[in-house]
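A look at the structure
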Amino acid sequence: AHFTVCLDIGHVALCGREPEDAIRVLGHDRLGALHVHDVDYINDLHTIPYLGRVNWSAVVDALADIHYSGEFTMESDAFLARYPNDFLPTATKFMADTTKYLAEKLEAALAEKA
């Protein structure tokens, strides 16, 4: 059987490690999915990227270095919880746009390495 890892970006940071280091240690063959959320390295914020302290440029560079081809799963429920129900479509679209932005950054970095 073949198993891969789902790396939780925020939880790596909460353990006092840098997500980009964990990405490189796991490598292409072992890293199959990401739980994507931002933290302040103290609290499990479960917010969207760029609202905490994770270095997303370094994360994207590491993903490009290992030629990551897995999934991005947003784990940003606390971000959405702050909005009233009638604003959730707008907040969810912003979350989706942020995810798309990260994916585009990764695609560009992968193209540079090709």
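Predicted model only: the values in this text are computed from it and were never measured.

Regarding the packing of aromatic side chains
Counted by the stated rule, this structure contains 6 aromatic pairs. With 5.9 Å between their ring centres and 70° between their planes, Tyr 50 and Tyr 101 make a pair best called edge-to-face. Taken together, the residues span a long stretch of sequence, with Tyr 50 in the loop between strand E2 (31–36) and helix H3 (56–65) and Tyr 101 in helix H5 (residues 88–113) at a distance of 51 residues. Judged by relative accessible area, which is 38%, Tyr 101 ranks as partly exposed. Pairwise contacts between aromatic rings join Phe 79, Tyr 83, Phe 87 and Phe 94 into one cluster.

Let's talk about the nonpolar core
Nonpolar side chains tend toward joint burial in soluble globular proteins. Counting residues in hydrophobic clusters, the biggest one holds 24 residues, and the most contacted among them are Leu 7, Ile 9, Ile 23, Leu 31, Leu 34, Leu 63 and Tyr 68. Per-element tally for this core: the top contributor is H3, with 6 residues. Not counting residues within four places of it along the chain, the set of residues in contact with Ile 9 comprises Pro 19, Ile 23, Leu 34, His 35, His 37, Val 54, Trp 56 and Val 59.

Topic: the packing of helix H2 (residues 19–30) against H3
In contact at an axis separation of 8 Å, H2 and H3 are set at 5° when each is read in the N-to-C sense. Of the possible angle classes, the one that applies to H2 and H3 is roughly parallel. Contact residues: Pro 19, Glu 20, Ile 23 and Arg 24 in H2; Ala 58, Val 59, Asp 61, Ala 62, Leu 63 and Asp 65 in H3. Residue composition of the contact of H2 with H3, by class: 6 nonpolar, no polar and 4 charged.

Quick notes on the rules
Residues numbered from 1 in each chain as written. Predicted model: local features only at pLDDT ≥ 70, side-chain atom pairs only at ≥ 80, totals over all residues. Heavy atoms only, no water. Phe/Tyr/Trp six-rings, centres within 6.5 Å; stacked < 30°, edge-to-face > 60°. Helix = DSSP H or I, 4+ residues; strand = E, 2+ residues; numbered from the N terminus. Buried < 20%, exposed > 50% of the residue type's maximum accessible area, 1.4 Å probe, protein only. Core = buried A, V, L, I, M, F, W, Y, C linked by side-chain atoms within 4.5 Å. Contact = heavy atoms within 4.5 Å. Axes fitted to C-alpha atoms, helices over the stretch in contact; angles between N-to-C directions. Parallel < 35°, antiparallel > 145°, perpendicular 65-115°, else oblique. Nonpolar A, V, L, I, M, F, W, Y, C, P; charged D, E, K, R; others polar.

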